[in-house]
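Okay, here's what each chain looks like letter by letter:
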Amino acid sequence: MTDRAGKCHRITALASASRERSLTPVEKAGVRFHLLMCGPCRAFVHNLKVIEQAAHQFNGQNNKS
Ligand SMILES: [Zn+2]
């Protein structure tokens, strides 16, 4: 069980890092495979994307005015 929690921690760390650097093919495969089995991590990655999109929209509105 602790093994799984450790894996989730690693996956969410990788997902966060992927915004700043490209993941290696092995890392990407690991993340994708883990997301297939793990709902909480799927939700985490989804939230990352939503936050990122919201930030982009906010920046776009700022630039217009
Ligand atoms: Zn997980």
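Here, the structure is the one placed above.
Small disclaimer: the values here were computed from a predicted structure and weren't measured.

What counts as what
Residues numbered from 1 in each chain as written. Predicted model: local features only at pLDDT ≥ 70, side-chain atom pairs only at ≥ 80, totals over all residues. Helix = DSSP H or I, 4+ residues; strand = E, 2+ residues; numbered from the N terminus. Buried ≥ 20, exposed ≤ 12 C-beta atoms within 10 Å, placed from the backbone. Contact = placed C-beta atoms within 7 Å. Expected span 1.5 Å × (residues − 1).

Participant: Which residues make up the overall build of the protein, and what are the values?
Facilitator: Counting its regular elements, the protein contains 3 helices and 0 strands. Of all 65 residues assigned to the protein, the portion counted as buried reaches 8%.

Participant: Which residues make up the environment of histidine 34, and what values go with them?
Facilitator: Within the fold, histidine 34 resides in helix H2 (residues 25–37). Looking at histidine 34, the number of C-beta atoms within 10 Å reads 20, which means it is buried. Once you skip the residues sitting within four places of it in the chain, histidine 34 turns out to touch Lys7, Ile11 and Cys41.

Participant: Would you mind going over H2 in detail, with residue names and values included?
Facilitator: Taking 1.5 Å per residue as the helical rise, H2 with its 13 residues ought to reach 18 Å, and the 19 Å between its terminal C-alpha atoms agrees with that figure. In terms of residue burial, H2 counts as a barely covered element, since only 1 of its 13 residues are buried.

Participant: Before we move on, could you go through the environment of cysteine 38 and cite the residues and values that matter?
Facilitator: With respect to the helices, strands and loops of the structure, cysteine 38 is situated in the loop between H2 and helix H3 (39–64). By the C-beta count within 10 Å, which is 17 here, cysteine 38 ends up partly exposed.

These figures come from the coordinates and say nothing about function on their own.
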